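Here is how the chains run, residue by residue.
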Amino acid sequence: MPSRSAGVAARSKGRIYRTDGSCPFPSGVGRVVCRSARARTRGARLRARKGNLERPEWPRAMVAIAEILHGKHTGASVELRGWIYRTRTMGGKAFVVLRDATGVIQTTIARDKVPPEAFAAAEKALIESSVIVKGSVVADKRAPGGVEVRASDFHVVHFAEKYPIQEDQSEEFLLDVRHLWVRSQKMTTMFRIRDSTFRAVHEYFRGRGFWEVSPPMITPAGSEGGSTLFELDYFGKKAYLTQSWQLYAEALVLAMEKIYYVGPSFRAEKSRTTRHLTEYWHAEMEQAWVGMDEVLKHAEGVISHACQVVAEEHPDDVVAVGRTPEFLKAVKPPFERITYDEALKRLKAKGMELEWGKDLRTLEERALTEGKTKPVVVTHYPRVSQAFYKAKDPKDPELVLGFDVIAGDGVGEVVGGSERETDLEVIKKSLVEQGEDPKSYDWYLDSRRYGSVQHAGFGMGMERLIQWICRLDHIRDAVPFPRTPARFAP
RNA sequence: GCCGUCGUAGCUCAGUCUGGUAGAGCCCCCGACUGUUAAUCGGGUGGUCUGCGGUUCGAAUCCGCACGACGGCGCCA
């Protein structure tokens, strides 16, 4: 942890504040812009800011707030760098609540304990001003969190303008100022959990002999019939943003056998729901020589591993989002598995009739996961309206060897996977049935012409997994800058 | 693609039904306060009532059109 803090400080120094007088922008144009910006209204402030940072009596930041909150520095003198989260002043004492990337803590600045200019700065600085505080860590029941930093010096690096975000904000406004809202505790808590989740997925596959391979983002056509693609102008020709690595995975799996990838996928569907993004992060895997059961075990395994890592690395954050580490640690394989037919029976028992062949809708998914603490797996869906590459069930040609992993709390389908059809003629027929021209899939069909083998894989929505882990009401809060049908800025 | 709700100060909203000179709280500024927890108390600044058109002596308010946003369903991960 200390090395991480020091690293951040060192990077800040290198990027923003040059001591040799050079401009951080490489080109001549950048240099001009740099100087003219300085010459304008805020020039004086910028100069002051630079000068202050170079004060030798201010050594680089040493301590992360989370360390203090965990009692690591109680009784010691520390120096903190961070941003003002809240201020409360009263007479000769100012309470400045500070946040950094790791947490939030109260600092107290007493008029008679710091230099006069330091107290004046503490009184004057607005929310989100960046500051450096020196002081001693004291356990005090009166402080929020039970521990605080009593300042011996207080220095404002940059006086923030009036910050637009206060309490009681509408969802709409927070989306407008998303670039500032990412500083909130709600967002930073999610960022830490998201970080662990991504790392856990990579760990899981790499630890089991999977190769990370990279499919293209720009593609000539789609992979899943009905889904809508974002079209782009590729030097006068139509191209599309990928919605899945599916077709490429099936080509690559015959080269590397066990492969995975975590990257963006794009869907141009105008889905106005709490679990859809038009740009989302997709964790996908494909494996040769195995069938549905084997990759289903990996689906359970990777979800479980992510839950273990998050619970282990961020127990406080887990509690903050309304889960418990115990809840996540209990998410271990195997998950409950039911067939599509069994799901229909269960729904009927709950008074919900669903016509055979129809996909499970939000309503039904919620009913199936009601009261469950682990995701539920549904297998063997009807073949009608399933993607052309899914393998027919040899025991029942009306079914496919496909599965969904359905999470509770209204999140729904987190993983969709299947064994893939290996027979060239069957795939061609399916393509035609779905109104596609097999000719435009000719390169893909080569995977069934040259050494076709049994293989299977799945795709997992990273934001949906994070939404479920963090119990988020809306999937857009599982990503820093969400892209939805109505919004792609900031 | 379908259904619904909303748009008034930097923010959160009242005012619209029943037309008559634009309101509150928060933020911010000034002042008081040495243990505050979204501190409190006193004073102050701040408006293209989403836009366009119509009705009217007069429109934030009534009518029409447009735009924007949010929520739900479908589709999916």
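This text follows the structure it describes.
Residues numbered from 1 in each chain as written. Chains lettered and ligands numbered in written order. Predicted model: local features only at pLDDT ≥ 70, side-chain atom pairs only at ≥ 80, totals over all residues. Heavy atoms only, no water.

**Quick look at the packing of aromatic side chains**
Right, so step 1: Here the structure, examined in full by the defined rule, presents 16 aromatic pairs.
Right, so step 2: Aromatic side chains Tyr-234 and Phe-235 sit 5.1 Å apart centroid to centroid with 65° between the ring planes, which places their arrangement in the edge-to-face category.
Right, so step 3: Note on Phe-235: relative accessible area 77%, which makes it exposed.
Right, so step 4: Judged by centre distance (5.3 Å) and plane angle (70°), the rings of Phe-388 and Tyr-441 are edge-to-face. Remark: Tyr-441 occurs in the loop between helix H15 (424-433) and helix H16 (442-445) and Phe-388 occurs in the loop between strand S13 (376-379) and strand S14 (392-393); sequence separation between them is 53 residues.
Right, so step 5: Aromatic ring contacts, followed pair by pair, group Tyr-204, Phe-205, Phe-210, Tyr-260, Phe-403 and Phe-458 into a single cluster.
Right, so step 6: Above the ring of Phe-159, the side-chain terminus of Lys-124 is found at 4.4 Å from the ring centroid.
Right, so step 7: Taking NZ or CZ as reference, Arg-323 lies 5.2 Å from the ring centre of Trp-468, over its face. (Phe/Tyr/Trp six-rings, centres within 6.5 Å; stacked < 30°, edge-to-face > 60°. Buried < 20%, exposed > 50% of the residue type's maximum accessible area, 1.4 Å probe, protein only. Helix = DSSP H or I, 4+ residues; strand = E, 2+ residues; numbered from the N terminus. Lys NZ or Arg CZ within 6 Å of the ring centre and 35° of its normal.)

**Here we look at the pairing of strand S15 (residues 396-400)**
Right, so step 1: By the bridge criterion, two bridges tie S14 to S15 in an arrangement that is antiparallel. Paired with Asp-393 across the strands is Asp-396, a residue of S15.
Right, so step 2: As consecutive antiparallel partners, S14 and S15 are separated by two residues. (Pairing = 2+ DSSP bridges.)

**What to know about the protein's contact with RNA strand B**
Right, so step 1: Inspection of the region around RNA strand B gives 54 residues, with Arg-142, Ser-170, Arg-267, Arg-464 and Arg-476 positioned closest.
Right, so step 2: Considering RNA strand B, the proportion of its atoms within 4 Å of the protein that are sugar or phosphate atoms stands at 49%.
Right, so step 3: At a separation of 3.1 Å, a base oxygen of RNA strand B approaches a polar backbone atom of Arg-272.
Right, so step 4: Of all the secondary-structure elements, those providing two or more residues to the surface near RNA strand B are strand S1 (77-90), strand S2 (93-100), strand S5 (147-158), helix H6 (171-176), strand S11 (279-288), helix H14 (362-369), strand S17 (412-419) and strand S18 (455-461).
Right, so step 5: Of the residues contributing to the surface near RNA strand B, the split by class is twelve nonpolar, 18 polar and 24 charged. (Near = heavy atom within 4 Å. Polar contact = N/O pair within 3.5 Å; in protein donor to acceptor, adjacent residues only side chain to side chain. Nonpolar A, V, L, I, M, F, W, Y, C, P; charged D, E, K, R; others polar.)

**Side note on helix H13 (residues 340-349)**
Helical geometry: 3.6 residues make up each α-helical turn, so side chains three or four residues apart lie on a common side.
Right, so step 1: The complete set of buried residues in H13 reads Tyr-340, Ala-343, Leu-344 and Leu-347. Summarising the axial view, the buried residues of H13 lie within an arc of 100°, below the 170-degree limit, and thus occupy one face. Exposed positions of H13 whose direction lies more than 90 degrees from the buried face are Lys-345, Lys-348 and Ala-349.
Right, so step 2: Summarising the contacts, the buried residues of H13 are in contact with strand S12 (336-339), H14 and S13. (Arc of directions from axis to C-beta. Contact = heavy atoms within 4.5 Å.)

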